[in-house]
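A look at the structure
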Amino acid sequence: MLRSLYNWVMAKASHPHAVWWLALFSFVEASFFPIPPHPLLGLMCLAQPRRALRYGIIATLASVAGGLLGYAIGWGLYEAVGQQVLALLGLTDSFPRAACYLRTYDWEVIVIAGATPVPFKLLTITAGFIEMNLLTFILASIAGRGLIFITVGLLFRLFGAPIKRFIDQYLGLVTTAFVVALIGGFAALALLGGGEDAASDACEAAVTVQPA
């Protein structure tokens, strides 16, 4: 089944309008959609390595734009929309911790979340709710999202064919690695702050959030 799904998505990734799907998925994933754009980006880069950097930039810009929608939801529509989005995605319990981390570490959390498989939408909605400085949020989002998306584009631009052969041969291993990376992303947020154990412990124990 995994192989069939992979082949099906590969066919869609090379479609003439695939770039619009990439932009759409990158936009909505940053605010409410549960599926990350990373697999589609990777597959499109595999299909056309020479356009990989362009795809990475498109994904970055669309994701930052979507992050602004998430910010707006948290800022002005949290009770009407934001709570329901987080509940549907199973992120309600993570919301107080995310708010605590953002208030404690500010832009660092956005960069880490943007560059790892941590659900970016959790941080964008939370940033709006706590009224994080908008310019700081935008710059951190560009840095975090660009770090992962443009890096993917560069890697596929330089090593597209060998990477494709590896994924074709070891698809199951690659899927497992993505799951491990997802867990590692959450661990990175939990360990943020290094020696500031008291602040980290307080955030891990957070169960409520006060508006800004």
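Below you will find a few notes about this structure. Because the structure is a prediction, the values reported are computed rather than measured.

A few points about the overall build of the chain
Assigned secondary structure in the chain consists of eleven helices and zero strands. Along the chain, from the amino end to the carboxyl end, the secondary structure elements read α-α-α-α-α-α-α-α-α-α-α. Taking all 212 residues of the chain together, 42% fall into the buried category. In the chain, once contacts between residues fewer than 6 apart in sequence are set aside, the share between residues at least 24 apart is 81%.

Thoughts on helix α2 (residues 18–29)
In a regular helix each residue adds 1.5 Å, so twelve residues correspond to 16 Å; α2 covers 16 Å between its end C-alpha atoms and thus fits that length. Three or more residues of α2 are buried, namely A18, V19, L22, A23, S26, V28 and E29.

What to know about the environment of M132
Examined against the element boundaries, M132 turns out to sit in the loop between α8 (120–129) and α9 (134–169). On a C-alpha basis, the gap between M132 and L102 in space is 8.0 Å, while along the polypeptide they are 30 residues apart. Excluding its chain neighbours within four sequence positions, the residues that come into contact with M132 are Y71, L102, D106, W107, I110, A127 and F137.

So, the pattern of salt bridges
Enumeration over the complete set of coordinates arrives at two salt bridges. Here E29 ties to K121 by a salt bridge, and the two come within 3.4 Å at their closest N and O atoms. Of this pair, E29 sits in helix α2 while K121 is found in helix α8, placing the two residues 92 residues apart along the sequence. E29 sits in the buried class, given a relative accessible area of 3%.

Structural notes on the packing of aromatic side chains
Taken as a whole and assessed by the stated rule, the structure comprises six aromatic pairs. For the ring pair Y71 and F137, a centre distance of 5.1 Å and an interplane angle of 45° mean the geometry is tilted. With Y71 in helix α4 (residues 52–76) and F137 in helix α9, this residue pair connects regions lying 66 residues apart in the sequence. Pair check on accessibility: Y71 and F137 agree, each one buried.

What about the nonpolar core?
In globular proteins that are soluble, nonpolar side chains generally tend to be buried together. In this structure, L86, L102, I110, L123 and M132 are the most contacted members of the largest nonpolar core, which totals 29 residues. Residue assignment for this core shows that the elements contributing at least two residues are α5 (78–88), α6 (94–105), α7 (107–114), α8 and α9. No other element matches the seven residues that α6 contributes to this core. What L86 contacts, discounting residues up to four positions off in sequence, is Y78, L91, T92, F95, L122 and I125. Counting 15 residues, the second largest nonpolar core, distinct from the first, contains L40, L41, M44 and F149.

Re the packing of α5 against α8
A pair of packed helices is characterised by two quantities: the angle between their axes and the separation of those axes. Their axes nearest at 11 Å, the elements α5 and α8 cross at an angle of 155°. Between α5 and α8, the angle falls in the class roughly antiparallel. Here α5 runs over α8; the crossing is left-handed. Touching Y78, V85 and L86 of α5 are L122, I125 and F129, all from α8.

The rules behind these values
- Residues numbered from 1 in each chain as written.
- Predicted model: local features only at pLDDT ≥ 70, side-chain atom pairs only at ≥ 80, totals over all residues.
- Heavy atoms only, no water.
- Helix = DSSP H or I, 4+ residues; strand = E, 2+ residues; numbered from the N terminus.
- Buried < 20%, exposed > 50% of the residue type's maximum accessible area, 1.4 Å probe, protein only.
- Contact = heavy atoms within 4.5 Å.
- Expected span 1.5 Å × (residues − 1).
- Salt bridge = Lys/Arg side-chain N within 4 Å of Asp/Glu carboxyl O.
- Phe/Tyr/Trp six-rings, centres within 6.5 Å; stacked < 30°, edge-to-face > 60°.
- Core = buried A, V, L, I, M, F, W, Y, C linked by side-chain atoms within 4.5 Å.
- Axes fitted to C-alpha atoms, helices over the stretch in contact; angles between N-to-C directions.
- Parallel < 35°, antiparallel > 145°, perpendicular 65-115°, else oblique.
- Left-handed = near helix turned anticlockwise from the far one by under 90°.

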